[in-house]
Structure formats: C-alpha cells, structure tokens
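Observations on the model geometry
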Amino acid sequence: MAELSLKNVIKRFGSYEIIRNASLDVADGEFVVFVGPSGCGKSTLLRMIAGLEHITDGEIHIGNKLVNDIEPADRGIAMVFQSYALYPHMTVEENLAFGLRMTGNPKADTDRRVQRVADILQIKELMQRRPKQLSGGQRQRVAIGRAIVREPQVFLFDEPLSNLDAELRVQMRVEISRLHKELGTTMIYVTHDQTEAMTLADKIVVLRGGNIEQIGAPLDLYDNPANQFVAGFVGSPKMNFMSTEIVAADSASVTIALLNQGKVHLTLPIKNPPPAIGERVTLGVRPEHFVKAGHGDADLTITVDVAEHLGNTSYIYANVAGGEQLIIEREESRTELKTDTLTVAIKSSHALLFDSAGNRLR
Amino acid sequence: MQLRNRAAYGFLAPYLLIFAAFWIWPIISSFLMSFQNTRVNPWVFSFGANWGRLFNDPAFYNALKNTMIILIIQVPVMITLATIMAVLLNSPLLKARGLFRFAFFAPVVVGEVAYAAVFRLMFNLDFGIINKLLNGIGIASISWFAEAPAAMALLIIAVTWRWAGYNAIIILAGLQSIPGDVYEAATLDRVSKIRQFIYITLPLLKPIILFCVILSIIGSMQLFTEPFLITNRGGPGGGTETLGLFLYRQGFTSLNFGYASAIAYTMAALAILISLLNLWVGRDEK
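On a predicted model such as this, the values are computed, not experimentally measured, just so you know.

In this section: the layout of surface pockets. Estimates place the volume of the largest pocket at around 930 Å³. Every residue lining the largest pocket is counted, 25 residues in all, and those nearest its centre are B:Pro92, B:Tyr183, B:Thr187, B:Lys193 and B:Gln196. Counting residues per element, the ones that place at least two in the lining of the largest pocket are α3 (58-90), α8 (180-188) and α9 (193-221) of chain B. Of the residues contributing to the lining of the largest pocket, the split by class is ten nonpolar, nine polar and six charged. Considering only enclosed or pocket space, the second largest pocket measures out at about 720 Å³ in volume. Looking at the second largest pocket, it is lined by 28 residues, and the ones nearest its centre are A:Pro88, A:His89, A:Arg130, B:Pro203 and B:Leu204. Looking at the lining of the second largest pocket, the elements that each hand over two or more residues are α8 and α9 of chain B. No other element matches α9(B), which puts six residues into the lining of the second largest pocket. Class assignment for the residues of the lining of the second largest pocket results in 13 nonpolar, six polar and nine charged.

Printed below as a string of structure tokens:
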C-alpha cells in the first residue's frame, strides 16, 4: 500500500500537449477515479503512472519514491487493461502465475497467492480453462486476479468494465468496490462513465482536454462543481443549462432574465463581483431541483415534449421547441403527457450561475 | 433441383468442365497410368513395371535422399531466418518499413531464370563474387558446381534466399495480430523481452509457423527449378537430383509416363505424410 503524487506532470507528443501540468495527491488506500470524455488524456495519465508512457516533464512519486525513471515492473503497480490482455495460450491458472513464475518466485508462495486470488474472485472452477472459453465477466475477473496476485502497492484500472453489458457492469462495479474494501490498497480507476465514477470513488478527478478541471469527493463535485463542464459532466440526467442575460446587479445579487424560457426573471445572491448589465450568463439547475409552482423564486411554464415515467420517478423533457431542452424530474407525478403544459419553479438556493467562459459566478 | 440452383450450376458449368478435364481427369488418369507399362506400345497393365521398379531403383533413392537433405536442413534454417526477419520488420525502431517489406518479398517476384543466372554468376569458381569474398577472409575457392556437397549447399542457400522473405511476410502478419497490450501486461509482470518472445510470441505464432513449415515441405518435395537451372540438371552426376527433377527426367526425357506417375504419387504421399506428422507434433494439447 502506498500514497501517490503527481507534480506538474506534462506529456507532449511533438508539439501537441496531451497532459497539461497535472498535479494530484492520492492518499494511501484511497480509491481515485479519473473521469472525462474520450480523448481527455485520462488513459494516458494512467499509463504514465504505470510507466508504459514516458512523461515529458514533472514528477511522479509512488510511496514517497520518485519513479520517473523506474521500470514499470519496479513501480509496485499492477494494471487491469480495458481489453483484459490475458495471455490467450495459457490457462487461467497459468495466466495468474505467469509473472511470478517468470521472476523466480518460490513455487509454494506462487501457489498460495494464486489460490488466494481464486478464493477472493470465486474463479476456482475456471482455473484450467483458456481465456477464449470464458465469458466477458469471467475474463475480467481473471484480469483483476492477475493484478491482485502481484500484491501491488497501487492498482491501476483502465476502463475495465467498458466491454461488459450493462447488467454485468453494475455487478462488477459492486465487486470492485468490495475488493477495494477487502484489500485496502490504493486504486486508480479510469472511466468515461460518470455513474461508475460517482459510485466507486473516494475522490474523482475530472479531466478535459489534458487539464484537470476539478478534484474532489463525488458529492462535492455534484453539489459544488468548479465550472460548467464539471457541472454538466457529473450527474445523470445532466444539469439543465439556460441562456440568461443580466438585467440588474448589486454587490450581493444579480437579477437575470431567462432568454429562451419566456424571459422570466430570477434574482440570485452571488459571491464574485457581478458581471455588467446586459452580459450573457448561463443558469444551471439540476433536474431534481425544480419544485412545485409557487414554492420557488421564479415560476416557469413549460410544454412537455416527452414524459418518461420510470415508476419511482418521472423525467419530463420539455420546451424543445424553444431551442433549449429542459429535463425535469418529478417524483410525485405519473400523469403528464406529451403537449401538456406545466408550471414548475426554480429555487435560487439550488441554482448555479456560470459566465460565458464557463466559470462559476455563484 | 430447384430452379435457382440450376441457374447457378449453369453459370458454374464452364469452370467445372475445365476443372474436371484438367484437374480431376489427370489425377485419375495418372493414377491408372502408374500401374501401366508405358515403355511398350500399346501400354499394358503391369503392377511391377513402375511400383516394383521404384522401390529398387537406386536413382530414386538418390533423389529421395537429396530431397530429404534439403528438406531437413533448408526448412528449419529458412523458417528460423524468416521468424527473425519478421520480428525485425515488426520492430517500432525500424525506419523505411515499407521498403524493407518490399525488399524481403522481392525475390519471389524475380523471374526464376534470371535469379538462377545471377546465382550461377555469383558462385562461379573463377570470377564469382562469393569465392572472391571467401578468398578475402582466407578461405580457398570452392568449386560450387563440381562437388556434390557444395552444390547441395548452394541449392539450400538459393532456395532460402528466394523464400525466406515470403515466409517472413506471412509470419509478420501473425505477429501483428498479437495485441500490444499482452506485451504491456508482460512488461508489468517483469517478463524480459527475450522471455516475452519465447513464452508469448512463439506460442501465439505456432499456428502460423506450422502453416509456413507445411507450405515449405510441399515446396521442397516439388523442388525443380533450382537444381534444373542452377546446378545444371541435378549435377554434378546426380548429386543434386531431387524427386521433382527425377520425375521430369523419367516423364519428359525418357517419356516413361507410367514411372513418372508412380514417382508423382510417391512425392504427394510423402508430402502429406510429413505434413500430417508436423500437424501432430505441433498440435494443441487441449
């Protein structure tokens, strides 16, 4: 087990910067998830920690040891690949034991470790099979087993569940979570799926275009996103963004007009210096933060476009005609239909405001 | 037969007729011919004329011996070389990969007569570059065409030069089908590059290598061009006469078609037998 830290890590391919000045501290035993859209550099960052990619600049420390120039095998890490990367010509048992056998680990110890992994992952009955005789979920288990056998200080997972079907993904997610509790080892996990990030992580690192946008606990990111990108990326269904214009401002609050939603006015307290009157800003409201008409600070009349009734809750997709779709969650309702008109309210305490560059204004 | 099928067979008929006339019939006809004495007119059925003679013919055993020597030495040497070439071609460090790939494959495209002529010149006793080079490092000139072992070595070198690149390209395709992350996983498992090659690359290449070995066995069994053109019709004194050349001599020089057919069937049977043996040795245990 070990802590891990990145200090001003940079990765360039030619003149193109893939990772820009990434700094991050991971505590011993922490479960950290790198999340972001594809191409954001999250897998590259993970491979740099593994040593499979060289870093252009900066420092990577694992267990207080600078590992920049240390071979991947000597960094005390183990990695689970997206494609599993099992040795196709070896049985499950051979796959698990291969690394240990190659390094001359005593046979008794290798056998003990392989047995332990087989117990932990419940793959005893698969030991004599080849990878092609396994289902996707079983292969994934073996790939995780191969990482556990190495008894690493840090586990690295590169989108391990993306090749599995939805049901199995949920099941494996729970298993990985359980595994983390059992082993207590530091884990770094890459995914583009924000649900996986929210459910697994102690700490989420949101990446975009090679930049770390925000680092924080899942609910901190949900409640207090640093910018519009994080606000939109974390949470499902996504946060609603509405175009607005400042119509009045003083040092403590601004009043905005919702341009595509009937120019309704809303007054919000703000912390940062107010923008100029007439400036365009974006209002962000999560689907579940709309309240009944009259219970908020501004009422909004909407036209239902599609209503999804899921039983425990309903999602109303509204106002598409206005060019700006709203998704509204309504737990109490099961009756809205297409073309119905509804009035809902926005509470200023649950609304976020972003400037034109996407930075938080409140 | 359904109408749809009938139309399909109609379209296939020209090909099937040609296939039957020039493939199926010769196979049957030559089999029957191998049981006929074709040195008398008209031909008469005689089991012993060909098959009986074959097993007692020292010329046949000589050709068989020569073919087997080439097979046993040339095939392993060539496949090993081809595998090394494929690994080098696959290296990310290699520049101008396309050029090398073409260069390795080029010998297959070169005309057989041209390549034979160049080899004859290169290995010429008095003014060939090979003897000049040997002299340069203090080795006396070798009479490549006049001594049987040297002539045999020359044949092996020539065939290897011509076909190693071809096999390397096939093996390269196999190498490229091995996913890169398997090697990355092995790197993280602290497996050295050499051990990765032995324990991962070679086992995963086994089916491809086996395929190349069987192709090469069939090719060696039929070897004809090189002993005919380079070592002057199997010279010196039958020292490089292969089964293919022996067949040609019996069939088209002596016009003894029955005996040539028996030789052809023996060659095919041997090729099948050795290939099956290879498949059996290289089989997957599970």
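What follows is about empty space enclosed by the protein. One pass over the full model with this rule turns up three cavities of 30 Å³ or more. Of the voids in this model, the largest cavity is the one considered here, and its volume is about 60 Å³. Forming the walls of the largest cavity are A:Ala78, A:Met79, A:Phe81, A:Arg146, A:Ala147, A:Arg150, B:Ala185, B:Leu188 and B:Asp189. Of all the secondary structure elements, the ones that give two or more residues to the lining of the largest cavity are β6 (77-80) and α4 (136-149) of chain A together with α8 of chain B. In the lining of the largest cavity, the residues fall into six nonpolar, no polar and three charged.

Turning to the pairing of strand β19 (residues 341-346) of chain A, a few remarks are in order. Residues and elements named next belong to chain A. Pairing between strand β15 (residues 290-292) and β19: three bridges, direction antiparallel. Bridged to Phe290 within β19 is Ile346. Relative to β19, strand β16 (residues 298-309) runs antiparallel, the two being bridged by six bridges. The partner of Ile302 across the bridge, within β19, is Leu342.

About the criteria used
Residues numbered from 1 in each chain as written. Chains lettered and ligands numbered in written order. Predicted model: local features only at pLDDT ≥ 70, side-chain atom pairs only at ≥ 80, totals over all residues. Heavy atoms only, no water. 1 Å grid on protein atoms, 1.4 Å probe; cavity = no way out; pocket = protein on both sides within 12 Å on 5 of 7 lines; lining within 4 Å. Points joined across faces, edges and corners; volume = space filled by probe spheres on them. Helix = DSSP H or I, 4+ residues; strand = E, 2+ residues; numbered from the N terminus. Nonpolar A, V, L, I, M, F, W, Y, C, P; charged D, E, K, R; others polar. Pairing = 2+ DSSP bridges.

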